[in-house]
Amino acid sequence: MKDAIPLLLAGAGITVEVTFLSVGLGLAIGIVVSLIRLSGIKPLKYLGNVYVDFIRGTPLLVQIFLVYFALPAIINHRVDAFFAAISACSINSGAYVAEIFRGGIQSIDKGQMEAGRSLGMTWWQTMRSVILPQAFKRIIPPLGNEFIAMLKDSSLVSVIGFEELTRRGQLIIARTYASFEIWLAVACIYLVMTFAVARFVGLLERRYNKA
């Protein structure tokens, strides 16, 4: 275990990196998609709906396979495991973040938009300066849940050989046969990470509620 723990902690660092990158890119994707779906531009709204429905209706594991195995057959070029992991997780997270933002925006009273427009602001200016800041306060808990979910779901990228925490555990077990000890250590590391995120989200929520 003394030899295994440093390797597992290094894998946990990679897991955190994948999660931050995926949720960060997913946040950007989600904001854009949610605004597109609320814009009223029918072709874009339709594409946004198709994207969200497809991603939420298919497993993340299948999406990883599509990027890592199917995409190279289309572009005729091998896809790096890191690129496949980040791409699949970001696209997956983006769909859920889009729904979170859409719900948060729609929870704001419509009079806020009307007030902004009556002051001469454009739809986008009102959305950026009035609606989104208020919506962000309400979506902190579900965004925190999405981060925790992605932190755990990122373990699925181990199936393409990407050496994050779960994959490191598998490799150590293949060498030592200490299944119980290693998987218990992996579970405890995940628990510590998710608990830390949950506490941080709770502090962030209380801070915004006081503001």
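Everything quoted here is computed from the prediction, not taken from an experiment.

### Remarks on the side chain of Glu-146
Structurally, the position occupied by Glu-146 is in helix H6 (residues 123-153). Despite its burial, Glu-146 remains without a salt bridge, the nearest opposite charge being carried by Arg-56 at 8.8 Å. Apart from residues lying up to four places away in sequence, Glu-146 is in contact with Ser-93, Tyr-96, Val-97 and Ile-100.

### Notes on the packing of aromatic side chains
A full pass over the atoms with the stated rule returns four aromatic pairs. Both rings, one in Phe-20 and one in Phe-147, keep their centres 5.0 Å apart while their planes meet at 70 degrees; by these two values the pair is edge-to-face. Taken together, the residues span a long stretch of sequence, with Phe-20 in helix H1 (residues 4-39) and Phe-147 in helix H6 at a distance of 127 residues. For Phe-20, a relative accessible area of 52% translates into the label exposed. A ring pair is formed by Phe-82 and Phe-162, whose centres lie 5.8 Å apart and whose planes are at 40 degrees; its orientation type is tilted. Here Phe-82, found in helix H4 (residues 81-106), pairs with Phe-162, found in the loop between H6 and helix H7 (165-176); they are 80 residues apart in sequence, far enough to count as distant. By the ring-pair criterion, three or more aromatic residues cluster together here, those being Phe-65, Tyr-68 and Phe-69.

### As for unusual backbone geometry
We note that Asn-76 has phi near 60 degrees; this positive angle belongs to a residue other than glycine. Mapped onto the elements, Asn-76 comes out in the loop between helix H3 (60-75) and H4. Phi at Tyr-177 takes a positive value of approximately 65 degrees, unusual for a residue other than glycine. Inspection of the secondary structure assignment puts Tyr-177 in the loop between H7 and helix H8 (179-210).

### Side note on H7
Helix length check: H7, at twelve residues, gives a terminal C-alpha distance of 16 Å against a target of 16 Å (1.5 Å per residue), a fit within 8%. Residues Leu-165, Thr-166, Arg-168, Gly-169, Ile-172 and Ile-173 constitute the buried set of H7. One face of H7 carries all of its buried residues, which in axial projection span an arc of 155 degrees. Exposed residues pointing more than 90 degrees away from the buried face of H7 are listed as Ala-174 and Arg-175. Sitting at the head of H7, Glu-164 places a side-chain oxygen 3.0 Å from the backbone nitrogen of Thr-166. Tyr-177 sits one or two positions beyond H7 and adopts a positive phi of about 65 degrees.

Scoring rules and cut-offs
Residues numbered from 1 in each chain as written. Predicted model: local features only at pLDDT ≥ 70, side-chain atom pairs only at ≥ 80, totals over all residues. Heavy atoms only, no water. Helix = DSSP H or I, 4+ residues; strand = E, 2+ residues; numbered from the N terminus. Buried < 20%, exposed > 50% of the residue type's maximum accessible area, 1.4 Å probe, protein only. Lys, Arg positive; Asp, Glu negative; His and termini not counted. Salt bridge = Lys/Arg side-chain N within 4 Å of Asp/Glu carboxyl O. Contact = heavy atoms within 4.5 Å. Phe/Tyr/Trp six-rings, centres within 6.5 Å; stacked < 30°, edge-to-face > 60°. Expected span 1.5 Å × (residues − 1). Arc of directions from axis to C-beta. Polar contact = N/O pair within 3.5 Å; in protein donor to acceptor, adjacent residues only side chain to side chain.

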